Amino acid sequence: MPTVCTSIKVSRDGQFILAAGTYKPRIRCYDTYQLSLKFERCLDSDVVAFDILSDDYSKLVFLHCDRHVEFHSQHGHYYKTRIPKFGRDFSYHYPSCDLYFVGASSEVFRLNLEQGRFLNSLQTDAVENNVCDINPIHHLFATGSSEGRVECWDPRVRNRVGKLDCALSSLAEGTEVQALPSISALKFNSSLTMAVGTTTGQVLLYDLRSSQPLLVKDHLYNLPINSLNFHNQLDLVVSSDSKIIKIWNKDTGKLFSSIQPQTNINGVCVYPNSGMLFTANEDPKMNTFYIPALGPAPRWCSFLDNLTEELEESPESTVYDDYKFVTRKDLENLGLTHLIGSSLLRAYMHGFFMDIRLYHKVKSMVNPFAYEEYRKDKIRQKIEEARTQRVQVKKLPKVNKELALKLMEEGDDEAEVVSRKKKGKALPSILGDDRFKVMFENSDYQVDEQSEEFRLLNPIVSKVGQKRKKKLRLLAQQAAVSEQVPEDNDEEPEGRASSEEESSDDDKSWVEEVREQRRLLRQEDRDRRRQERKDADRNTVLVEREQNGGEECSNVAESKKTSQPQFYQIKAGEEFRSFNDMARKQKLQKTSLEERLKLEEHSETSGTADTAVGSKQLTFTLKKSEQQKKQQQAEREHHEERKKLRRSAGHLSSSRGRGRGWGGRGRGRH
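The protein goes by Nucleolar protein 10 in an unreviewed UniProt entry, where it is assigned to Haplochromis burtoni.

Draft legend 1. The arrangement of the overall build of the protein in detail. In terms of helices and strands, the protein carries 13 helices and 32 strands. Considering only contacts in the protein between residues 6 or more positions apart, those separated by 24 or more positions represent 41%. Counting every atom, the protein has about 46,500 Å² of accessible surface; 50% of that belongs to carbon and sulfur.

Draft legend 2. Spatial organisation of the packing of aromatic side chains. If you walk through the whole model with that rule in mind, you get twelve aromatic pairs. Look at Phe90 and Phe101: their rings are 5.6 Å apart centre to centre, the planes differ by 35°, and that puts the pair in the tilted class. Of this pair, Phe90 sits in strand S9 (residues 87-93) while Phe101 sits in strand S10 (residues 98-103), and the two are eleven residues apart along the sequence. Residue classification places Phe90 among the buried residues on the basis of a relative accessible area of 6%. A network of ring pairs unites the aromatic residues Phe16, Phe39 and Tyr57 as a single cluster.

Draft legend 3. Region of the structure containing the sheet that holds strand S17 (residues 183-189). Strand order in the open sheet formed by four strands is S17-S18-S19-S20, and the pairing between neighbours is antiparallel. Unpaired on one side and paired on the other, S17 and strand S20 (215-218) mark the two borders of the sheet. Averaged over all pairs of adjacent strands, the angle between strand axes in this sheet comes to 15°, irrespective of strand direction. Across six bridges, S17 lies against strand S18 (residues 193-198) in antiparallel orientation. Within S18, the residue paired with Phe188 across the bridge is Met194.

Draft legend 4. Summary view of unusual backbone geometry. In this structure, Tyr23 follows Thr22 across a cis peptide bond, with omega equal to 0°. On the secondary structure map, Tyr23 appears in the loop between strand S2 (16-22) and strand S3 (26-31). Residue Lys24 follows Tyr23 across a cis peptide bond; omega there is 15°. Inspection of the secondary structure puts Lys24 in the loop between S2 and S3. Residues other than glycine seldom take positive phi values, yet Cys97 does so here, at roughly 60°. Take Cys97: its relative accessible area is 23%, and that puts it in the partly exposed class. In this structure, Arg158 takes a positive phi of about 55° despite not being glycine.

Draft legend 5. Geometry of the sheet that holds strand S15 (residues 149-154). Taken in spatial order, the four strands line up as S13-S14-S15-S16 in an open sheet, and their pairing is antiparallel. Both outer strands of the open sheet, strand S13 (129-134) and strand S16 (159-165), are each paired with one neighbouring strand and no more. This sheet shows a mean twist of 20° between the axes of neighbouring strands, independent of strand direction. Pairing analysis gives five bridges linking S13 to strand S14 (residues 141-145), with the strands arranged antiparallel. Bridging from a neighbouring strand, Ile134 pairs with Phe141 of S14.

Draft legend 6. Main features of the side chain of Arg110. Within the secondary structure, Arg110 sits in strand S11 (residues 107-112). On the basis of relative accessible area, Arg110 is assigned to the buried category, the value being 5%. From its side chain, Arg110 meets the backbone oxygen of Asn120 in a polar contact 2.8 Å long. Each residue touching Arg110, except ones within four places of it in the same chain, is listed here: Asp98, Leu99, Tyr100, Arg117, Phe118, Leu119, Asn120, Leu122 and Arg158.

Draft legend 7. Molecular detail of the pattern of salt bridges. In this structure the tally under the stated criterion is 17 salt bridges. The closest approach of N and O atoms between Asp44 and Lys80, which form a salt bridge, is 3.0 Å. Separated by 36 residues along the polypeptide, Asp44 in the loop between strand S4 (36-42) and strand S5 (47-52) and Lys80 in strand S8 (residues 77-82) bring together distant segments of the chain. Between Asp154 and Arg156 there is a salt bridge whose closest N-O contact spans 3.0 Å. Residue Asp154 is classed as buried on the basis of its relative accessible area, which comes to 14%. Look at Arg156 and you get exposed, because its relative accessible area is 72%. When salt bridges that share partners are traced, they join Asp125, Glu151, Arg160 and Lys163 into one network.

Draft legend 8. A negative patch on the surface, seen in detail. Together, Glu402, Asp448, Glu449, Glu452 and Glu453 line one region of the surface with negative charge. Residue placement: Glu453 occurs in helix H7 (residues 452-484). Classification of Glu453 as exposed rests on a relative accessible area of 54%.

Draft legend 9. Region of the structure containing the side chain of Ser274. On the secondary structure map, Ser274 appears in the loop between strand S25 (265-270) and strand S26 (276-281). Here Ser274 falls in the buried class, since its relative accessible area comes to 1%. Here Tyr271 takes part through its backbone oxygen, which lies 3.1 Å from a polar atom of the side chain of Ser274. Within the structure, the side chain of Ser274 is placed 3.4 Å from the backbone nitrogen of Met276, a separation counted as a polar contact. With residues up to four places along the chain from it excluded, the contact list for Ser274 reads His231, Leu294, Gly295, Pro296 and Pro298.

How each quantity is defined
Residues numbered from 1 in each chain as written. Predicted model: local features only at pLDDT ≥ 70, side-chain atom pairs only at ≥ 80, totals over all residues. Heavy atoms only, no water. Helix = DSSP H or I, 4+ residues; strand = E, 2+ residues; numbered from the N terminus. Contact = heavy atoms within 4.5 Å. Areas by Shrake-Rupley, 256 points an atom, 1.4 Å probe, with all protein chains shown as cover. Phe/Tyr/Trp six-rings, centres within 6.5 Å; stacked < 30°, edge-to-face > 60°. Buried < 20%, exposed > 50% of the residue type's maximum accessible area, 1.4 Å probe, protein only. Pairing = 2+ DSSP bridges. Axes fitted to C-alpha atoms, helices over the stretch in contact; angles between N-to-C directions. Polar contact = N/O pair within 3.5 Å; in protein donor to acceptor, adjacent residues only side chain to side chain. Salt bridge = Lys/Arg side-chain N within 4 Å of Asp/Glu carboxyl O. Patch = residues over 30% accessible without salt bridge, like charges linked within 9 Å, V, L, I, M, F, W, Y side chains within 5 Å. Lys, Arg positive; Asp, Glu negative; His and termini not counted. Charge placed at Lys NZ, Arg CZ, Asp CG, Glu CD.

So, in structure tokens, the structure goes:
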């Protein structure tokens, strides 16, 4: 519809769907066999209600808001008449061909279509009647009044046969009554069941043999019920107000499903013997809903069944629904690295899965004030949002001030260049773009200028920025020259390097800067590692050999407690080894490596640290594994065994047997 759809209905043969809407007032007919619009007819005034008298679209009746009743045949407009009062609803009595009109009057107007004239009206006790309906089995006529009553009439004798007070029955105990509930919807089902909808959002189910409702269903929105339908295959009731459609069991009242469209609802139509619903909305588009649980798709759109089978979700749950993915760095921050390898962590890709309950518990223990910080951040954001409504002063943001200043300067340069051009249009700035505003508000987006990535990319970015500024200045100069001198001059001015030479120089400069940054990063890395080694050595627990006895230890302890300079006392009879050992050290340096290793193994010392206040020795013994101990023991046993088996060779020490060249003497001489 162009603007709004007010009502929608399906013909009895199921082939045609008719919808009335505005603006301009019109009726549209859709052919389901062709899946297209069959015709569209414009009307003189808005349609309050309409009905299909035949099995197809050949006989239509429209009740207009200006009291006119319009009849349409297959070719179009057929006849038009007017009722005495403004109408709100009407029903057609098939056995007698009578139309019953209710509206802003206590009378029910009857128009006989066979005779073509009005008959005597039915006089009700109500001031106004809102809705009416006729039972399809025994043709009992019922009207709903604005006083909350339902009156039932027998068309054969034109007498009232019953009256129901639904207003009191719809109110539960303790309910606050703001207005008298009126009847806003009425619908018969089979021969004994009747559903009544009120303006306060309740649906009452009645058995015609009882004056008390069988069931009262509240929509809980306090909005008038505008449509009632029955789904006989599953014993369901489809009721709707302007906000929601509810589908519930008519015996127990248990909710089966609910649909809440984006726009207000004017009416609901259920396609017969299927699970498809049509809705008339306060929107140009008429919605169509298909619920496979209600029934199969209509024959003209049977392909929906195949689509729903393919889209049906599998009931299997995801394996890691109740788990949290954490990386090794997250575990270090939480102090849970000792859980790696246990059943509490499941290795997956570059991290681990852990139970979400354990994660939240540890998170709250590690940072118990996280919620307070989050709350303060939210309050600060709300205050900042409220401040935006005040008079704005151009100032730098709290986050990424350097980047914002750079963008402001570039924006001013671009604006200056664009202003010099006649047809130029300024590009939007990043500072004014909502997509990037979080980058200048959230501290998580702060640029770390000390990071390795920034320091390596900064020379390139700075050179690009300098080129951009230079280009903007050139454009500004060219624009100024073009305004003064209209003639074009393609030659470059003398004394200025060409763009290629400038670009090559710039490339060389930023390459040198990148190399310098790499060198500095390597130097900082070496310094950091050296400092870490020093810290590790400082924190290592040393095993000291106390050379000066208990007295020296007490003196050292007392000197540590005070901030005065530290002095040490040497006992009588002991020599100061710091300078006397220099000769021994020089002698050790001249010896071979084998002798020095033997000395170290004999003394089991790794080194001696001499200071001005004495000597301190660090001793340790390497811990050997069981296999090494067994191997050394086997070697010692083997050497002992060889020593026992060794024979003396002293009797062979004679001059006989000496080889050639021994003292120039011949072989075998004594």
